[in-house]
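# Descriptive analysis of the structure
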Amino acid sequence: ERKCQLSGLWRNEQDSLMEISALDDDGGFQGEYLTRVTLAGGCTRISPLRGAQQQPSEVAWPTFAFTIWWNTFSNATTAFAGQCFVDASGREMLSTMWMLREAVGSLEEDWKATRVGRNVFTRKRTPKG
Ligand code: BTN
């Protein structure tokens, strides 16, 4: 099995972009996320993410999780959990599910504050390759 590496530039089916930096010794990582879609439908900014994965030396296709703080344009929080795969054609992909927590003003609105969904990320190729 070819190893799947989490670091690098990724794009999902909603055209959001994510860059994951090199992993530290504990499997922790940091990165940046640029979402193409927002709850309010308005402006977006590059937002910081932090996560952790299984030690890459131990598994070829590690599981991971990360959270995003939506830098200044939103008070929501998203948590992603997923696994890094190499598909039949040799391409790396991240299969993830996310939960998006929106801030609501009262406990009565708590029931509608969390959304769940799926995102698949593939490596974004730069024009120069
Ligand atoms: C907000 O609109 O308040 C924050 C942005 C939420 C973007 C969500 S997170 C899950 C899904 N995947 C994406 O790439 N964007 C949306």
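Quick summary incoming for the structure in this document.

## What to know about the state of the cysteines
Covalent bonding between the sulfur atoms of two cysteines defines a disulfide. Scanning the model with the defined rule gives one disulfide in all. Across the disulfide, Cys4 is cross-linked to Cys84 (sulfur-sulfur distance 1.8 Å). Judged by the sign of its S-S torsion, about -65°, the bond between Cys4 and Cys84 is left-handed. Separated by 80 residues along the polypeptide, Cys4 in the segment before strand S1 (8-12) and Cys84 in strand S6 (residues 77-86) bring together distant segments of the chain. Like Cys4, the residue Cys84 is buried in the burial classification.

## Side note on the site of the ligand
The environment of the ligand is made up of 15 residues, and the closest members are Ser16, Tyr33, Leu39, Ser74 and Asn119. Note that an oxygen atom of the ligand is positioned 3.0 Å from one of the side-chain N or O atoms of Asn12. Note that an oxygen atom of the ligand is positioned 2.6 Å from one of the backbone N or O atoms of Leu39. About the coverage of the ligand: the protein hides 96% of its 420 Å² of free accessible area. By residue class, the composition of the shell around the ligand is seven nonpolar, eight polar and no charged.

## A word on the layout of surface pockets
Approximately 420 Å³ is the volume attributed to the largest pocket. Taken together, 23 residues form the lining of the largest pocket, with Thr35, Val37, Thr38, Leu39 and Leu100 sitting closest to its centre. Among the secondary structure elements, those contributing two or more residues to the lining of the largest pocket are S6, strand S7 (92-101) and strand S8 (114-123). Looking at the lining of the largest pocket residue by residue, the classes come out as 12 nonpolar, nine polar and two charged.

## Here's the deal with the sheet that holds strand S4 (residues 47-53)
Taken in spatial order, the eight strands line up as S1-S2-S3-S4-S5-S6-S7-S8 and close into a barrel, and their pairing is antiparallel. Averaged over neighbouring strand pairs, the angle between their axes works out to 30° when direction is ignored. Here S1 runs beside S8; their pairing, made up of three bridges, is antiparallel. Residue pairing for S8: Arg11 is matched across the bridge by Thr122.

Definitions and limits used
- Residues numbered from 1 in each chain as written.
- Predicted model: local features only at pLDDT ≥ 70, side-chain atom pairs only at ≥ 80, totals over all residues.
- Heavy atoms only, no water.
- Disulfide = S-S within 2.5 Å.
- Helix = DSSP H or I, 4+ residues; strand = E, 2+ residues; numbered from the N terminus.
- Buried < 20%, exposed > 50% of the residue type's maximum accessible area, 1.4 Å probe, protein only.
- Near = heavy atom within 4 Å.
- Polar contact = N/O pair within 3.5 Å; in protein donor to acceptor, adjacent residues only side chain to side chain.
- Areas by Shrake-Rupley, 256 points an atom, 1.4 Å probe, with all protein chains shown as cover.
- Nonpolar A, V, L, I, M, F, W, Y, C, P; charged D, E, K, R; others polar.
- 1 Å grid on protein atoms, 1.4 Å probe; cavity = no way out; pocket = protein on both sides within 12 Å on 5 of 7 lines; lining within 4 Å.
- Points joined across faces, edges and corners; volume = space filled by probe spheres on them.
- Pairing = 2+ DSSP bridges.
- Axes fitted to C-alpha atoms, helices over the stretch in contact; angles between N-to-C directions.

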